[in-house]
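Descriptive analysis of the structure
Letter by letter, the chains look like this.
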Amino acid sequence: MNLIQCKNGHYYNADKLEECPHCMNEKIKIPIDDLTGKKQDTIETYVPQKQILEKYEKASQRFITGWLVCIHGNMKGDCFMLFSGDNHIGRDTSMDVILFQEPTVSRCNHAMITYYADTAQFILSTELDTVTNVFCNNQPVTKEHPVALSYHDRILLGECTLAFIPFCGDLFQWEEKTV
């Protein structure tokens, strides 16, 4: 994690974001208490636990398995990479898919897409019982009822719509790296 401070004093993960998400929220006028960061020094900065850092020892060892493209919402036209294993979706910079300009998406773990290399499947699920606005092709997705994704499925999170585009599957798989 490359935690840096912007010119306005906000902290964000520069490995995942080119610009400060707090400043971007100011630009699009998202009403959030203390958006300018005046109280930020009293808030503990998120630092991933050691096992999370070890999971991604080198970013170059994470191979792309697919993409999400925002086709409706504040981030329309933006693309998000998916990797093998769990891909957590939310507004927070600790998420794998960061929808920081989407106020109707939960900050952390709104949804999750998991890629299973052994079955070549992408599964959309929710982790929290309280999340009720996750849909795939207009069908609700819940913790108890995850959905297997297919090419160009539409995922609705709050008021944000994402198109799913797989890279890995039956036609292509990354070979296991041997050390």
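Definitions and cut-offs
- Residues numbered from 1 in each chain as written.
- Predicted model: local features only at pLDDT ≥ 70, side-chain atom pairs only at ≥ 80, totals over all residues.
- Heavy atoms only, no water.
- Core = buried A, V, L, I, M, F, W, Y, C linked by side-chain atoms within 4.5 Å.
- Buried < 20%, exposed > 50% of the residue type's maximum accessible area, 1.4 Å probe, protein only.
- Contact = heavy atoms within 4.5 Å.
- Helix = DSSP H or I, 4+ residues; strand = E, 2+ residues; numbered from the N terminus.
- Lys, Arg positive; Asp, Glu negative; His and termini not counted.
- Salt bridge = Lys/Arg side-chain N within 4 Å of Asp/Glu carboxyl O.
- Polar contact = N/O pair within 3.5 Å; in protein donor to acceptor, adjacent residues only side chain to side chain.
- Pairing = 2+ DSSP bridges.

1. As for the nonpolar core
Core analysis: the largest hydrophobic core is formed by 34 residues, its most contacted members being L68, L99, I113, L124, I155, L157 and L162. Discounting residues that sit within four places of it in the chain, I113 has contacts with L68, L82, G85, D86, N87, I89, F122, I123, L124, L149 and I155.

2. Structural notes on the side chain of E102
Along the chain, E102 turns up in the loop between β6 (97–98) and β7 (111–116). Buried and unpaired, E102 has R91 as its nearest opposite-charge partner, separated by 9.0 Å. Separated by 2.8 Å, the side chain of E102 and the backbone nitrogen of M75 make a polar contact. Among all residues touching E102, those that are not within four sequence positions of it are C70, G73, N74, M75, R91 and C160.

3. Points about the sheet that holds β7
Spatially, 5 strands are ordered β6-β5-β7-β8-β11 in an open sheet, and the strand pairing comes out mixed. The outermost strands of the open sheet, each flanked by one partner alone, are β6 and β11 (147–148). Taken together, the 2 bridges between strand β5 (residues 85–90) and β6 define a ladder with parallel strand orientation. Bridging from a neighbouring strand, G90 pairs with I98 of β6.

Read these as spatial facts, not as claims about activity.
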